[in-house]
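# Notes for the structure review
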Amino acid sequence: MAAVSTPYLMTSDDAAWRRRGPTPAAVRAFGVDDQTLHRLEGGQGLAWTDGRLVLKPVGCRPEHDFLCRTYVEWPTDAAVRVPRPVEPRDGSSDGWSVDGWGAHVWVPGRSIDFRSELATVRAVSKDFHALLAGMPRPAFLDTRDDPWSYGDRLAWEDAAPVADSETRDLINRLRERLAPVTSPEQVIHGDILGNILLHEQLPPAVIDWPPYFRPAAMGEAIAITDAVTFHGAPIQLLDEWATGPDWQQLLIRSLLYRLGPTAVFERHRRLMGILTTHLEKVRPVVDYVLSRSDVDG
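On a predicted model such as this, the values are computed, not experimentally measured, just so you know.

## A short note on helix H4 (residues 118-132)
Under the 1.5 Å per step criterion, the end-to-end length of H4 is 21 Å for 15 residues, consistent within 8% with the ideal 21 Å. Taken residue by residue, H4 has Leu118, Val121, Val124, Ser125, Phe128, His129 and Leu132 as its buried positions. Each buried residue of H4 sits inside an arc of 125° when the element is viewed along its axis, so together they form one side. H4 presents Ala119 and Ala130 as exposed residues on the side facing more than 90 degrees away from its buried surface. Lining the buried residues of H4 we find strand E6 (185-189), strand E7 (196-198), strand E8 (205-206), helix H7 (217-231) and helix H8 (237-240). At the exit of H4 stands Gly134, carrying a positive phi of roughly 90°.

The structure is reproduced here in C-alpha cells:
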C-alpha cells in the first residue's frame, strides 16, 4: 500500500495572516481600492474584494499560475465564463502573485439553488469539462499537498488511510469495492457543485477551480454525491446521473475523495462547518452506493 505524507494544514500563524487580509504590497500591486476593501462571506473567510477585484491567498503557486494561464487563454465565446486574472502592475510580482496573494476580476452572478437547479449543474459541468478536453496533465499534481489532494490520492492512488476508527471503517468499506476504471482521464474541476454562478444575461460561470486529472464524469460524480450528502438531494439522482460504464466506480471514488479531508481534519481536531456532520450524513449514501454495487456486480 502506498505511503502518503501528512497533508499540509495551515498553522495558526498561516491562518492568522490570511485572515488579516491582503498585504499593502498586494493591494498596491493589483490596484485595489483599500478604502472599500472588505472580506467576502462564505468559504473559509479568506477572500477579499473592493467590489471590482477579488483577492485570495495563493496556497499552491504552480496551481495558481496554471489557472491564471488557462483563464487568460479561455475562449471569449465559450459556453462557460471563468474569472479573468489580474496581473500585478508594478513589477513586484512572483508570477501571478504578490506576497502570497492573487487577484481576479469580480465575476457577476448568483449561486445555484441546490433544490431546483441540479440539472443546470450537470449541464454546466459537461460544458466546462468539454472545454478542458485534451489539456495536458499539470505537473504540480504530483507535489500539491493539502487535505483534498490527499482525498484524491486515497480514491485513486492507494494512499494509506489516515483516519480515526469510525472514518476508517467507512473508507475501508468503499476501498474493498474498488475496481479498475477504463474511462480516459483529463483535467477536471474537483468541486464544481458550489462554484457555479448564474446570470440572466451572461453564460454560467465556474469559479474556485481545484484541478485534478481524472475521468471527466468524476466531476459530475463529485457534484451529485455532494448534493445528496450535504444538501439533501434525492438519493435516486445517483442513478439518474449515471453515465458511462465506470459510473459506479466514480461514485465510490467520489465518496473516498470527500472522506479523505474529513479524516485529516478530524485527526487534527479541526472539523468545521458541514464537515462536523459529514460522517453522519454520508453513511446512508455509502450504504446506497454499495448496494448499487451489489446489483451492478
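## Re the sheet that holds strand E1 (residues 38-39)
With respect to topology, 4 strands assemble into an open sheet ordered E1-E2-E3-E4, the strand pairing being antiparallel. In this open sheet, the two strands that pair with only one neighbour each are E1 and strand E4 (101-105). In this structure, strand E3 (residues 53-57) lies alongside E4, joined through 5 bridges in antiparallel fashion. Counted as the bridge partner of Val54 is His104 from E4.

## A short note on the sheet that holds strand E5 (residues 110-111)
An order of E5-E7-E8 is seen for the 3 strands of this open sheet, with the pairing classed as antiparallel. Each edge of the open sheet is held by one strand with a lone partner, namely E5 and E8. Alignment of E7 against E8, held across 2 bridges, turns out to be antiparallel. Residue pairing for E8: Ile196 is matched across the bridge by Val206.

## As for the environment of Trp74
Mapped onto the elements of the fold, Trp74 is located in the loop between helix H3 (61-72) and E4. Note: C-alpha distance between Trp74 and Arg84 (10 residues apart in sequence) is 9.0 Å. When residues no more than four places from it in sequence are discounted, the contact partners of Trp74 are Val80, Val82, Phe128, Leu131 and Leu132. Within polar-contact distance, the side chain of Trp74 engages the backbone oxygen of Val80 at 2.8 Å.

## Quick notes on the layout of surface pockets
The space that makes up the second largest pocket amounts to roughly 340 Å³. Together, 16 residues line the second largest pocket, and Trp74, Arg81, Val82, Pro83 and Arg84 are the ones closest to its centre. Tallied by class, the residues present in the lining of the second largest pocket amount to 13 nonpolar, 1 polar and 2 charged.

## Examining the side chain of Asp152
If you trace the backbone, Asp152 turns up in helix H5 (residues 147-156). Take Asp152: its relative accessible area is 10%, and that puts it in the buried class. Aside from chain neighbours lying at most four places away, what touches Asp152 is Glu157, Tyr212, Arg214 and Tyr257.

## What about the nonpolar core?
Core analysis: the biggest nonpolar cluster contains 65 residues, and Leu118, Phe128 and Ile224 have the highest contact counts within it. At 10 residues, the largest contribution of residues to this core is made by helix H9 (residues 247-267). Excluding its chain neighbours within four sequence positions, the residues that come into contact with Leu118 are Asp113, Leu193, Ile224, Ala227, Ala233, Leu237 and Trp241. Membership of the second largest hydrophobic core comes to 13 residues, among which are Val27, Leu37, Trp48 and Val98.

## A closer look at the pattern of salt bridges
Tallying each qualifying case throughout the model produces 17 salt bridges. Residue Asp208 pairs with Lys56 through a salt bridge whose shortest N-O separation is 2.0 Å. Here Lys56 lies in strand E3 and Asp208 lies in the loop between E8 and strand E9 (211-215), a separation of 152 residues in the sequence. We classify Asp208 as partly exposed; its relative accessible area is 33%. Between Asp226 and Arg258 there is a salt bridge; the shortest N-O distance is 2.6 Å. In this pair, Asp226 is assigned in helix H7 and Arg258 in helix H9, connecting sequence segments 32 residues apart. Here Asp226 and Arg258 have matching classes, each one buried. Through salt bridges with shared partners, a single ionic network connects Asp152, Glu157, Glu185 and Arg214.

## A word on empty space enclosed by the protein
All chains considered together, the criterion is met by 2 cavities of 30 Å³ or more. The computed volume of the largest cavity comes to approximately 80 Å³. Taken together, Arg137, Leu141, Arg144, Ser149, Asp152, Arg153, Glu157, Tyr212, Phe213 and Arg214 make up the full set of residues lining the largest cavity. Of all the elements in the fold, those that place two or more residues in the lining of the largest cavity are H5 and E9. Across the lining of the largest cavity, the residue classes break down as 3 nonpolar, 1 polar and 6 charged. Reported here for the second largest cavity is a volume of approximately 30 Å³. As for the second largest cavity, its lining consists of Asp152, Trp156, Ile188, Tyr212, Arg214, Met218, Ile222 and Tyr257. Among the elements of the structure, H5, E9 and H7 are those that each provide at least two residues to the lining of the second largest cavity. Taken together, the residues that form the lining of the second largest cavity break down as 6 nonpolar, no polar and 2 charged.

How each quantity is defined
Residues numbered from 1 in each chain as written. Predicted model: local features only at pLDDT ≥ 70, side-chain atom pairs only at ≥ 80, totals over all residues. Heavy atoms only, no water. Helix = DSSP H or I, 4+ residues; strand = E, 2+ residues; numbered from the N terminus. Expected span 1.5 Å × (residues − 1). Buried < 20%, exposed > 50% of the residue type's maximum accessible area, 1.4 Å probe, protein only. Arc of directions from axis to C-beta. Contact = heavy atoms within 4.5 Å. Pairing = 2+ DSSP bridges. Polar contact = N/O pair within 3.5 Å; in protein donor to acceptor, adjacent residues only side chain to side chain. 1 Å grid on protein atoms, 1.4 Å probe; cavity = no way out; pocket = protein on both sides within 12 Å on 5 of 7 lines; lining within 4 Å. Points joined across faces, edges and corners; volume = space filled by probe spheres on them. Nonpolar A, V, L, I, M, F, W, Y, C, P; charged D, E, K, R; others polar. Core = buried A, V, L, I, M, F, W, Y, C linked by side-chain atoms within 4.5 Å. Salt bridge = Lys/Arg side-chain N within 4 Å of Asp/Glu carboxyl O.

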